[in-house]
Amino acid sequence: MNLLDPFISSFGGNIGQVHAILVLLATFVVSLLSRVVVSRLTQYSRHSATLWGDAFAQSLGPPLRFLLWVVGLSIAADLVQVNADATLAKIISPARDLGVIVALAWFLIRFIKRAQSNVIANKAETGKRLDKAAVDIIGKVSRLIVFIAAFLVAMQTLGFSIAGVLTFGGVGGIAIGFAAKDMLSNFFGGFIIYLDRPFSEGDWISSPDRDIEGSVEQIGWRVTRIRKFDSRPLYVPNSVFATIAIENPSRMSNRRIYETIGIRYEDVGAMENIVERVTAYLKDHAEIDQERTIMVNFTTFAPSSLDFFVYCFTKTQTGVEFYRIKQEILLHILKIIEDNNAECAFPTTTVHLQGDIAQQK
């Protein structure tokens, strides 16, 4: 007598149901074992410090358990449906195939997202420069491709013609394009930003055409979020950037000092020495880029002053450091003017009375 006979008899002698229950129990055990294996694999990948291995291990768990249950349930259903209605047989195979597609797509989407996070974190730890916007767009496009491919394969599995789906999608796309042209223009505007890269997240940008200036916080599919200097967020539709000029001061190689300074007319004799000393000072200054143009020249007979201009470039691009250097230079120029017994001019008016003119004659 078989030890399973009493157990089988409790199910009315249906051995298929008994086998199905055993398969479900085996699936449960294997699912628990997979959890342990994936946990060990995750710990190992963290110690091995490989970005892709860690992304694989972190992404594997839930989709793998889902796949195991899909396979287990489909096998159990196959065993049960031997004596069941033929309709069940028509459902089992497509459902199993659909579950496999979902599990694979789920894993790939999780893997892409995790790999994206690992790349960004690794660059931050090593201090290497990384274009987060480029990594973000690659991740989004990759996940979108996986989703579309999974959807098309699923439609084919369910018996739909992919050619028909694509045709319907083309017609629907035209209708949606007319109805949501602004949304699509913003989408493609964001895509152009990712391709041309006139700015990246973290850059300080401004536009002479619009009242737009601040630090770029996020480049989204539809809008770009800019943090203005008064800390208020500004949301700009991406399509706007296709029609306006953008300045990106964050990518300056140098910052320029360009100032006009005037001295009194009675100090004309000191002008030549002042210009020479200021030029020598700038050429010896450690924070001034000596490979760029340095000019200090007397230029203008202004109504109340004799003007000379100072033109040079600092090595730094940082705003705070630039203004510190500029202040230091301007204060030293004032000292040079004072050392030559001259003074900076201010607007004055001289009035000659008629009697004074007659006496002068």
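Please refer to the structure higher up on the page.
Remember, predicted model here, so these are calculated numbers, not experimental data.

What should I look at first to understand the sheet that holds strand 1 (residues 204-207) in this one?
Read across the sheet, four strands follow the order 1-2-3-4 without closing on themselves; strand pairing throughout is antiparallel. What marks the edges here is a single partner per strand, and that holds for strand 1 and strand 4 (233-237). Across the sheet, the mean angle separating the axes of adjacent strands is 45° when strand polarity is ignored. Of the strand pairs in this sheet, strand 1 and strand 2 (residues 212-219) are connected by four bridges, and their pairing is antiparallel. The residue bridging Ile205 from the neighbouring strand is Gly214, located in strand 2.

I'm lost on the side chain of Ser34 in this one. Help?
Along the polypeptide, Ser34 turns up in helix 2 (residues 15-48). The exposure class of Ser34 is buried, given its relative accessible area of 8%. A polar contact of 2.6 Å, which involves the side chain of Ser34, links it to the backbone oxygen of Ser31. Residues in contact with Ser34, not counting those within four places in the same chain, are Leu64, Arg65 and Leu68.

When you look at a nonpolar patch on the surface in this model, what are you seeing that I'm missing?
Taken together, the side chains of Phe28, Val29, Leu32 and Leu33 make up a nonpolar region of the molecular surface, amounting to roughly 370 Å² of accessible area. Looking at where Leu32 falls in the secondary structure, it is placed in helix 2.

The rules behind each value
- Residues numbered from 1 in each chain as written.
- Predicted model: local features only at pLDDT ≥ 70, side-chain atom pairs only at ≥ 80, totals over all residues.
- Heavy atoms only, no water.
- Pairing = 2+ DSSP bridges.
- Helix = DSSP H or I, 4+ residues; strand = E, 2+ residues; numbered from the N terminus.
- Axes fitted to C-alpha atoms, helices over the stretch in contact; angles between N-to-C directions.
- Buried < 20%, exposed > 50% of the residue type's maximum accessible area, 1.4 Å probe, protein only.
- Polar contact = N/O pair within 3.5 Å; in protein donor to acceptor, adjacent residues only side chain to side chain.
- Contact = heavy atoms within 4.5 Å.
- Patch = residues over 30% accessible without salt bridge, like charges linked within 9 Å, V, L, I, M, F, W, Y side chains within 5 Å.
- Areas by Shrake-Rupley, 256 points an atom, 1.4 Å probe, with all protein chains shown as cover.
- Salt bridge = Lys/Arg side-chain N within 4 Å of Asp/Glu carboxyl O.

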